[in-house]
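Close look at the chain arrangement
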Amino acid sequence: MDLSATETLNEKGVSVLQPQGSAPAAADKMARIDSAMGGGAPRIPEELSILPVRGFVLFPGVVLPLTVSRPASIKLLDETLPITKVVGFLTQRDEQKEEPTPQDLYHVGTAAIVLKLLRQAEDQLVIVVQGLRRFAIRKIVATEPYLRAEIDLPKSILPEQNTEWQAEFQNLRDSAARLAELRPDVPDEAAAVIRNIDDPEQLTDFLAPNLDIPVAQKQAILEELDLRKRLRAVQTHVSAQLEVAQIQQKLQEDVKSQFSDAQRKAYLRSQLKAIQRELGEGDTGADEQVARLRIRLEEAKPPAEVMAQAERELKRLDIIPPASPEYSVIVSYVETIAELPWSKLSEDNLDLDKAQEILDRDHYDLEKVKRRLIEYLAVRKLNPQGHGPILCLLGPPGVGKTSLGQSVADALGRRFVRMSLGGIRDEAEIRGHRRTYIGSMPGRIIQELRRAGTRNPVMMLDEIDKVGTDFRGDPASALLEVLDPRQNNAFVDRYLDVPFDLSQIIFIATANYIGGIPGPLLDRMELIDLPGYTEREKLEIGKRYLLPRQLSENGLKSDQVTWDEEALRLIITDYTHEAGVRELERQIGAVCRALAARVARGTTEHVEVTVALVRETLGPARYVHEQRLTTNAPGVVTGLAYTPTGGEILHIEAARYAGKGNITLTGQIGNVMKESAQAALSLVRSRDGSIGVNPEDFRKYDIHVHVPAGAVPKDGPSAGVAMFTALASLFSNTPVRSDVAMTGEITLRGLVLPIGGLKEKSLAAMRAGISTVLIPKLNEKDLVEIPEEAKQKLKFIPVETVDEVLANALERTSSDQPPS
């Protein structure tokens, strides 16, 4: 039942009502009959102009506006209203019929008076009509230009006025009033209006058009002349709708009692959305966004646990308004899950020969690294389900650690991801931020995987030895889970809060200094040393890689420039001081820029780069390497040191002068090196007899030990052998051979202990022109790492004790031999 039927019918009338007309009749032929409606009521002509309507039935007493837009209907009103305001309204049997004939209309309708007429346009009128009385078609008078007919005005058959009739009438009135109260879409005053109607016929005619029943059933009520039957028909429909309304009310009360506040709000929001959609004002964008997110999630194919979590978040979007800050947080979270490569894997290139070719193409030498990577490929080929290795490339700057990661990815056919860890101090950079914080986001690991679009890239963790620690946490400890093959298959980022499998990633870390890597983290990685390049290796790298690249970057062609090998060697020796080749490339680039300026001016078409041209372009030599001593002298020893830029030689000098046996140490040496000097002096004093030293000299002289290049900090125990030799040479007044260099830690028992960086130290000795190197016996196993070029130019003598050191380092004559 719809007791706001006047408005509803008004809308329906405006949208679909288009009446048709019939031919006019002469005004003098229109007979008038008494309407029997009482004095002052409009008289209904015997012959009426008929206006067809569709979609509703007009009842007596009902007032409603109608829109008329058909030309025939407009003509009907224009010609009829000046004569009489009464027009007949008949309902179409078929609403879709645009031009109904008399057979398409019901034979019973309502005569109505036109109360008001408004012209909105030339082809459209709005009229307000009030139903007067039922009529029945007796005879069709005309069909053109609009329908006219002679009518009869049937009278209702009234029942006997008794108690039963009063009870039926009262029952209908009470039921209708109760229904009006239960229906939320009915105005509040409707129930009061119904209770004030005392005439049964008026009540049925008021209720019938407002019932939620088909047009055919309403027409049947209109045609029914027996008032008792008409009232009972209306009572039947009202009772049915009242029962439905009561059930709905009970259900709403039951549900309401179970609703929480959040559920009530969600229900109201859903109702609001439905209303907005009906009004054309609904925000369908939010619904479409949720649908798109769900499709993207299905395409990503995450594990069931992850999908369930995402679905929970999507359901929350249904109860959160789009304007809420939490709405955008949830959308960002679900988008992140949908964009992660849960099931996307790059297919590995398992062709070992092809992989070897790519590695050789991009990097010169580095045979140990290449061999390890080929071994991994072989294992991957035999066991596709195996975990990826976690390698750590350890070496000085500029030796190609980072670029090697890109070559590994190319050789495997995988995506390459680089993560710089230098300076990271916040643990959340690795594990991510919890979503409770504003601006939270996943950790760097998850972000890089999101960008890579695959679950098994080659991930370079650059500068892992420079990870910091402060009050925000320890990122190095957070990396423990990432770099543990037994744990990283279920890595939980705090932002995602669901596990993600990192076991298929090949992690390659890089570091310059092993001392900067925490022990537990170092334990999870396989170390591969990348020591500095020899001069010959730098020369080959320059010719094969650096020169072609710099020529291309500076717009030069290979046929425009010719490089002499000696010119390139000069840049290596006099203009660079590094273990890698980064500075070498910069200096080559400086020369190429100067050549580009010449070619661009047109002063030359071909340039040959000679030693003179390099000196002219780069200026005086920037670096002077320590060279071997030219003469043998007591108290001066050539030691070997390892630095982040490669190996260096150190000239350790010792002098004595009258004093009280004090020792002075200079050259900006660290505590460990100072302790080595103290140990060396104690060892010399304990062996004064075998060395040939007067014990009184230690009380009569002060000692000064200096390590030149005083502006450069130095530390470490490996200079112990050199300091011992310098002091022994000083007090025995025996020169030390200038072509001998040495390295090793000493003990008070005179043993020589192993050291690190043997390759770098050996290369430094070779550059300085040293011919013999004394090394600890325990480092003899490391000689396999020495480049072949160094092995050919250097003589390595393993020693176990300081006595062997003195035997090979001091320049003794037969008369200088100590007593046995």
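Structure's up top.
Let me sum up the structure you'll find in this document.

What counts, and at which threshold
Residues numbered from 1 in each chain as written. Predicted model: local features only at pLDDT ≥ 70, side-chain atom pairs only at ≥ 80, totals over all residues. Heavy atoms only, no water. Pairing = 2+ DSSP bridges. Helix = DSSP H or I, 4+ residues; strand = E, 2+ residues; numbered from the N terminus. Axes fitted to C-alpha atoms, helices over the stretch in contact; angles between N-to-C directions. Salt bridge = Lys/Arg side-chain N within 4 Å of Asp/Glu carboxyl O. Expected span 1.5 Å × (residues − 1). Buried < 20%, exposed > 50% of the residue type's maximum accessible area, 1.4 Å probe, protein only. Contact = heavy atoms within 4.5 Å. Parallel < 35°, antiparallel > 145°, perpendicular 65-115°, else oblique. Left-handed = near helix turned anticlockwise from the far one by under 90°.

**Remarks on the sheet that holds strand S9 (residues 390-394)**
Spatial strand order, S10-S11-S14-S9-S15: five strands in an open sheet with parallel pairing. One side of each edge strand has no neighbouring strand; the edge strands of this open sheet are strand S10 (416-420) and strand S15 (526-529). Strand-to-strand twist of the sheet, defined as the mean angle between neighbouring strand axes without regard to direction, takes the value 25°. Of the strand pairs in this sheet, strand S11 (residues 458-462) and strand S14 (residues 506-511) are connected by four bridges, and their pairing is parallel.

**A closer look at the environment of Gly-769**
Looking at the element boundaries, Gly-769 is found in the loop between helix H27 (758-768) and strand S25 (772-776). A sequence separation of 31 residues divides Gly-769 from Ser-738, and the C-alpha atoms of the two residues are 10.0 Å apart.

**Some thoughts on the pattern of salt bridges**
Where side chains of opposite charge bring their charged atoms close, a pairing between them can arise. In this structure the tally under the stated criterion is 56 salt bridges. Residues joined in a network through salt bridges with shared partners are Glu-540, Lys-543, Arg-544, Glu-565, Glu-566 and Arg-569.

**Notes on helix H21 (residues 582-601)**
With 20 residues, H21 extends 29 Å between its outermost C-alpha atoms, agreeing within 8% with the 28 Å of an ideal straight helix rising 1.5 Å per residue. Of the positions making up H21, those classed as buried are Glu-583, Leu-584, Glu-585, Gln-587, Ile-588, Gly-589, Ala-590, Val-591, Cys-592, Leu-595 and Ala-596. Next to the buried residues of H21 lie helix H19 (535-553), strand S16 (561-563), helix H20 (565-574), strand S17 (607-609) and helix H22 (611-618). Looking one or two residues past H21, Gly-602 carries a phi angle of roughly 80°, positive in sign.

**Concerning the packing of helix H10 (residues 304-319) against helix H11 (residues 325-339)**
Between H10 and H11, the shortest axis-to-axis distance is 10 Å and the interhelical angle comes to 155°. Here H11 runs roughly antiparallel to H10, going by the angle between their axes. For the element pair H10 and H11, the recorded crossing hand is left-handed. Contacts between H10 and H11 involve Val-306, Gln-309, Ala-310, Glu-313, Leu-314, Arg-316 and Leu-317 on the former and, on the latter, Glu-326, Tyr-327, Ile-330, Val-331, Tyr-333, Val-334 and Ile-337.

**As for unusual backbone geometry**
The omega torsion across Glu-144 and Pro-145 is -10°, close enough to zero to call that bond cis. Within the fold, Pro-145 resides in the loop between strand S7 (124-142) and strand S8 (148-152). Positive phi is not limited to glycine here, since Lys-301 has a value of about 55°. Judged by relative accessible area, which is 60%, Lys-301 ranks as exposed.

Interpretation note: all reported values are geometric properties and have no functional meaning in isolation.
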